[in-house]
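As a plain string of letters, each chain reads:
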Amino acid sequence: MVTLSSLSLSRSEEAHVKVQESDSVLLQLQRKNVQLEKKIALSLLTRPASAIARHKTLKYGAGDKEVNSADITTRLEIQQDEIASLRGALHSTLQRKEQDLQYYQHIIEDARSAVLEVLRSRKYQTQSLLSLK
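The rules behind these values
Residues numbered from 1 in each chain as written. Predicted model: local features only at pLDDT ≥ 70, side-chain atom pairs only at ≥ 80, totals over all residues. Heavy atoms only, no water. Helix = DSSP H or I, 4+ residues; strand = E, 2+ residues; numbered from the N terminus. Buried < 20%, exposed > 50% of the residue type's maximum accessible area, 1.4 Å probe, protein only. Areas by Shrake-Rupley, 256 points an atom, 1.4 Å probe, with all protein chains shown as cover. Phe/Tyr/Trp six-rings, centres within 6.5 Å; stacked < 30°, edge-to-face > 60°. Contact = heavy atoms within 4.5 Å. Salt bridge = Lys/Arg side-chain N within 4 Å of Asp/Glu carboxyl O.

Check the secondary structure of the chain and you find three helices and two strands. The secondary structure elements of the chain, listed N-terminal to C-terminal, are α-α-β-β-α. The buried share of the chain, reckoned over its 133 residues, is 15%. Taken as a whole, the chain presents about 10,600 Å² of accessible surface, with 57% of it coming from carbon and sulfur.

See below:
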């Protein structure tokens, strides 16, 4: 009985840790998104309008990789959707773990009541036998 409650508590703690980890990942991705948005805005501000019209791509840093601003926006939206779905999954997992904990606590209470009832009946039977002697 005690092991069930400790198991459910450990599951609940694990779910809580996962939620915290996902929150930190979310925060990191949000920071990355902000940095990318700043790069887009900066590059759009530093280019003349005619250059923006001629070159639809933005060139970043030392790499040869050219990234389209629409692609970056799409990636940001995809990451935001993934984050939202991960957060929802973790929230539902946490709810299920809490429900499991409540269920195990209910089982423990039922078992405790049954054991106490048996002990009371045994005590009553013992007292009855002693009074007969």
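Past the structure itself, the notes keep going.
The relative placement of two aromatic rings is captured by the distance of their centres and the angle of their planes. This model, assessed by the stated rule, comprises one aromatic pair. With centroids separated by 5.9 Å and ring planes inclined at 55 degrees, the aromatic side chains of Tyr-103 and Tyr-104 adopt a geometry described as tilted.

Our next topic: the side chain of Gln-79. As for its position among the elements, Gln-79 is in helix H3 (residues 69–132). Residue Gln-79 is classed as buried on the basis of its relative accessible area of 19%. Discounting residues that sit within four places of it in the chain, Gln-79 has contacts with Leu-29 and Asn-33.

With respect to the helices and strands, Ser-5 occurs in helix H1 (residues 2–46). Residue class for Ser-5 comes out partly exposed when judged on its relative accessible area of 21%. As a C-alpha pair, Ser-5 and Tyr-103 span 98 residues in sequence and 9.7 Å in three-dimensional space.

A separate point is the pattern of salt bridges. Applying the stated criterion across every chain yields a total of two salt bridges. Here Arg-87 ties to Asp-23 by a salt bridge, and the two come within 2.6 Å at their closest N and O atoms. Note that Arg-87 is positioned in helix H3 and Asp-23 in helix H1, a separation of 64 residues in sequence. Residue Asp-23 is classed as partly exposed on the basis of its relative accessible area, which comes to 33%. Its salt-bridge partner being Arg-112, residue Glu-109 comes within 3.8 Å of it at the nearest N-O pair. With a gap of three residues between them, Glu-109 and Arg-112 both fall in helix H3, about one helical turn apart. Glu-109 sits in the partly exposed class, given a relative accessible area of 41%.

Honestly, that's just the spatial picture; any functional story needs more than this.
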